[in-house]
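Summary of structural features
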Amino acid sequence: MICDGAPDVTGFHDMDQYIQSQLLVAALNICIKTLKPGGKFVAKIFKGSDTEFLYSQFKYYFREVFFNK
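Every chain is numbered on its own, with residues counted from 1 as its sequence reads. Local features in this predicted model are restricted to residues whose pLDDT is 70 or higher, and side-chain atom pairs enter the listing and the counts only when it is 80 or higher, whereas totals over whole chains, interfaces and linings include all residues. The side-chain quantities take in all heavy atoms of the structure and omit both hydrogens and water.

Some words on the nonpolar core
One finds Leu24, Ala27, Leu28, Cys31, Phe41, Leu54, Phe58, Phe62 and Val65 forming the largest nonpolar core, which totals nine residues. For the purposes of this entry, the term helix denotes a DSSP run of H or I that reaches at least four residues, the term strand denotes a run of E that reaches at least two, and both are numbered from the N terminus. Contributing elements (two or more residues each) for this core: α1 (13-34) and α2 (51-61). We define the nonpolar core as a collection of buried residues of types Ala, Val, Leu, Ile, Met, Phe, Trp, Tyr and Cys that are connected through side-chain atoms lying within 4.5 Å of one another. For every residue, the accessible area obtained with a 1.4 Å probe (protein chains only) is divided by the maximum for its type, and the residue is called buried under 20%, exposed over 50%, and partly exposed between those limits.

Considering the side chain of Thr51
Along the chain, Thr51 turns up in helix α2. Only heavy atoms matter for contacts: two residues are in contact if any of them lie within 4.5 Å across the pair. Residue contacts for Thr51: discarding those within four places in its chain leaves Gln17, Phe46 and Phe67.

A closer look at the packing of α1 against α2
Two quantities define a packed helix pair, namely the angle between the axes and the distance from one axis to the other. Helix axes use the C-alpha atoms of the stretch in contact, all axes being lines fitted to C-alpha atoms, and the angles between their N-to-C directions lie in the range 0 to 180 degrees. At a minimum axis distance of 11 Å, the contact between α1 and α2 shows a crossing angle of 5°. Here α2 runs roughly parallel to α1, going by the angle between their axes. Contact residues: Gln17, Ser21, Leu24, Val25, Leu28 and Ile32 in α1; Thr51, Leu54, Gln57, Phe58 and Tyr61 in α2. Residue polarity is assigned by list, with Asp, Glu, Lys and Arg as charged and Ala, Val, Leu, Ile, Met, Phe, Trp, Tyr, Cys and Pro as nonpolar; anything else, Gly included, falls into the polar class. Looking at the contact of α1 with α2, its residues break down into seven nonpolar, four polar and no charged. For classification, angles of less than 35 degrees are called roughly parallel, those exceeding 145 degrees roughly antiparallel, those between 65 and 115 degrees roughly perpendicular, and all remaining angles oblique.

Written as structure tokens, this is what we have:
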């Protein structure tokens, strides 16, 4: 599954990052209900204060989680 969702950018990094992370969590919820065992999930993320939380959420469902710069 590939998630290319992104909010309309407001210019306020913290707000943009928060809204994007909420979109990513919503995509994860869809993914865990539809992805076959061994499937992969690819998404973009705005790095920020929620990055570690998102990592832990993905790590709960996937054996390997990678963030690229």
